[in-house]
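Architecture and fold: a report
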Amino acid sequence: QVQLVESGGGLVQAGGFLRLSCAASGRTSSIYPMAWFRQAPGKEREFVAAISWSGSITKYADSVKGRFIISRDSAKNSVYLQMNSLKPEDTAVYFCAAARSPATVIITTQRYDYWGQGAQVTVSS
């Protein structure tokens, strides 16, 4: 089993920035691609960004491209999401996810095996 714990959420004004962290523990050798998803009230969980095991391949949702950066530190079993130029529509609970599949990057929720508990990000206008 793998446990994921997010941190770094909070309240920020529009135009500001936040950095989310996700620390993995347990059988971390079994996980490959990791990602961030988010879920706003009354909406489905949506893909934000994904990163390959090596960290060399990344993919972003169009809504965050150019503003968010996903990165990974394999030595620390951690993945990060740097969020810049935040907008009120970025307000959501952000979830870290990890997959056992050896695929490079995955953008669909169904293919992820492990999830964190979520971190609230609120952007005020």
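To start, this report covers the structure provided alongside it. Note that this is a predicted model, so its numbers are computed, not measured.

Rules used in this analysis
- Residues numbered from 1 in each chain as written.
- Predicted model: local features only at pLDDT ≥ 70, side-chain atom pairs only at ≥ 80, totals over all residues.
- Heavy atoms only, no water.
- Salt bridge = Lys/Arg side-chain N within 4 Å of Asp/Glu carboxyl O.
- Buried < 20%, exposed > 50% of the residue type's maximum accessible area, 1.4 Å probe, protein only.
- Helix = DSSP H or I, 4+ residues; strand = E, 2+ residues; numbered from the N terminus.
- Disulfide = S-S within 2.5 Å.
- Phe/Tyr/Trp six-rings, centres within 6.5 Å; stacked < 30°, edge-to-face > 60°.
- Lys NZ or Arg CZ within 6 Å of the ring centre and 35° of its normal.
- Polar contact = N/O pair within 3.5 Å; in protein donor to acceptor, adjacent residues only side chain to side chain.
- Contact = heavy atoms within 4.5 Å.

**A look at the pattern of salt bridges**
Applying the stated criterion across every chain yields a total of five salt bridges. Note that Asp62 and Lys65 form a salt bridge whose closest N and O atoms lie 3.1 Å from each other. Accessibility assignment for this pair places Asp62 and Lys65 in one class, exposed. The closest approach of N and O atoms between Arg67 and Asp90, which form a salt bridge, is 2.7 Å. In this pair, Arg67 is assigned in the loop between strand E6 (58–60) and strand E7 (68–73) and Asp90 in the loop between strand E8 (78–83) and strand E9 (92–98), connecting sequence segments 23 residues apart. Arg67 gets classed as buried once you look at its relative accessible area, which sits at 10%. In this structure Asp90 comes out as buried when scored by relative accessible area, which is 1%. Salt bridges sharing partners connect three or more residues here, namely Arg38, Glu46, Arg67 and Asp90.

**Some remarks on the state of the cysteines**
Covalent bonding between the sulfur atoms of two cysteines defines a disulfide. Applying the stated criterion to the full structure yields one disulfide. The disulfide partner of Cys22 is Cys96, and the S-S distance across this bridge is 2.1 Å. Here Cys22 and Cys96 share a disulfide; its torsion about the S-S bond, -80°, makes the bridge left-handed. Of this pair, Cys22 sits in strand E3 (residues 18–26) while Cys96 sits in strand E9; the two residues are 74 residues apart in sequence, bridging distant segments of the chain. Take Cys22: its relative accessible area is 1%, and that puts it in the buried class. Judged by relative accessible area, Cys96 falls into the buried class, the value being 0%.

**Let's talk about unusual backbone geometry**
The residue Asn77 is not glycine, and still its phi comes out positive at about 50°. The residue Ser85 is not glycine, and still its phi comes out positive at about 50°.

**Observations regarding the packing of aromatic side chains**
Aromatic ring pairs are described here by two measures, namely the spacing of the ring centres and the angle between the planes. Using the criterion set out here, one finds four aromatic pairs in the structure. Ring centres of Phe37 and Tyr112 lie 5.5 Å apart, and the angle between their planes is 75°; on these two criteria the pair is classed as edge-to-face. Placement of the pair is Phe37 in strand E4 (residues 34–39) and Tyr112 in the loop between E9 and strand E10 (114–115), with a sequence separation of 75 residues. As far as the burial class goes, Phe37 and Tyr112 line up, both buried. Since its relative accessible area comes to 5%, Tyr112 is described here as buried. Three or more aromatic residues joined by ring pairs make a cluster, and in this case those are Phe37, Phe47, Tyr112 and Trp115. The lysine or arginine in question, Arg45, covers the ring of Phe95, its NZ or CZ lying 3.7 Å from the ring centre. If you follow Arg45 out to its NZ or CZ, it ends over the ring of Trp115, 4.8 Å from the centre.

**Describing the side chain of Asp90**
Separated by 2.9 Å, the side chains of Asp90 and Arg38 make a polar contact. Side-chain polar atoms of Asp90 contact the side chain of Arg67, separated by 2.7 Å. Beyond its immediate chain neighbours, meaning those up to four positions away, Asp90 contacts Arg38, Arg67, Phe68, Ser85, Val121 and Val123.

Functional significance is not addressed by these values, which are geometric in nature.
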